[in-house]
Amino acid sequence: MNARDARSIVMIVAGAALALFFWDLQVFWFQGGPIGCVLVVLATVDVWESRRGTPKKGLLAELRDDIVGSKESSDPSERDTRP
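Everything quoted here is computed from the prediction, not taken from an experiment. (Residues numbered from 1 in each chain as written. Predicted model: local features only at pLDDT ≥ 70, side-chain atom pairs only at ≥ 80, totals over all residues. Heavy atoms only, no water.)

A.B. asks: Which residues make up the overall build of the chain, and what values do they have?
C.D. replies: Secondary structure assignment for the chain yields three helices and two strands. Reading the helices (α) and strands (β) of the chain from amino to carboxyl end gives α-β-β-α-α. Out of the 83 residues in the chain, the part that is buried amounts to 23%. When contacts within the chain are restricted to residue pairs at least 6 apart in sequence, those whose partners lie at least 24 apart make up 38%. Entry remark: accessible area of the chain is about 6700 Å², with carbon and sulfur atoms responsible for 63%. (Helix = DSSP H or I, 4+ residues; strand = E, 2+ residues; numbered from the N terminus. Buried < 20%, exposed > 50% of the residue type's maximum accessible area, 1.4 Å probe, protein only. Contact = heavy atoms within 4.5 Å. Areas by Shrake-Rupley, 256 points an atom, 1.4 Å probe, with all protein chains shown as cover.)

A.B. asks: So what about the environment of Val 45? Which residues, and what values?
C.D. replies: Tracing the sequence through the fold places Val 45 in helix 2 (residues 32-52). On the accessibility criterion, Val 45 (32% relative accessible area) is partly exposed. Residues Val 45 and Ser 8, spaced 37 residues apart in sequence, show a C-alpha to C-alpha distance of 9.2 Å.

A.B. asks: Describe helix 2, naming the residues involved and giving the relevant values.
C.D. replies: The terminal C-alpha atoms of helix 2, which comprises 21 residues, lie 30 Å apart, in line with the 30 Å expected from a rise of 1.5 Å per residue. Within helix 2, burial applies to Gly 32, Gly 33, Gly 36, Ala 43, Asp 46, Val 47, Glu 49 and Ser 50. The inward-facing, buried residues of helix 2 contact helix 1 (3-21), strand 2 (30-31) and helix 3 (59-68). (Expected span 1.5 Å × (residues − 1).)

A.B. asks: Could you give an account of the packing of helix 2 against helix 3, with specific residues and numbers?
C.D. replies: Axis separation between helix 2 and helix 3 bottoms out at 8 Å; the angle between their running directions is 115°. Contacts between helix 2 and helix 3 involve Leu 42, Val 45, Asp 46 and Glu 49 from the first element and Leu 59, Leu 60 and Leu 63 from the second. Taken together, the residues that form the contact of helix 2 with helix 3 break down as five nonpolar, no polar and two charged. (Axes fitted to C-alpha atoms, helices over the stretch in contact; angles between N-to-C directions. Nonpolar A, V, L, I, M, F, W, Y, C, P; charged D, E, K, R; others polar.)

Put into structure tokens, the structure is as follows:
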């Protein structure tokens, strides 16, 4: 078990606690039940992919890179090719 698996298992437990015990908890836009279900699903997919061994990065790392942007700029389609 590596750190990514442990982090995903913690997310599963936290999501399950939100979904089971704090379904109606509402703070601003946040409602415990639906967010808990999303956390459980995402973390379960992350654990599943890490056990299969195919991806180099987990689902959550890929989502973070998509939202924040990755530091790798080796993709030629994103480079500015103007003279």
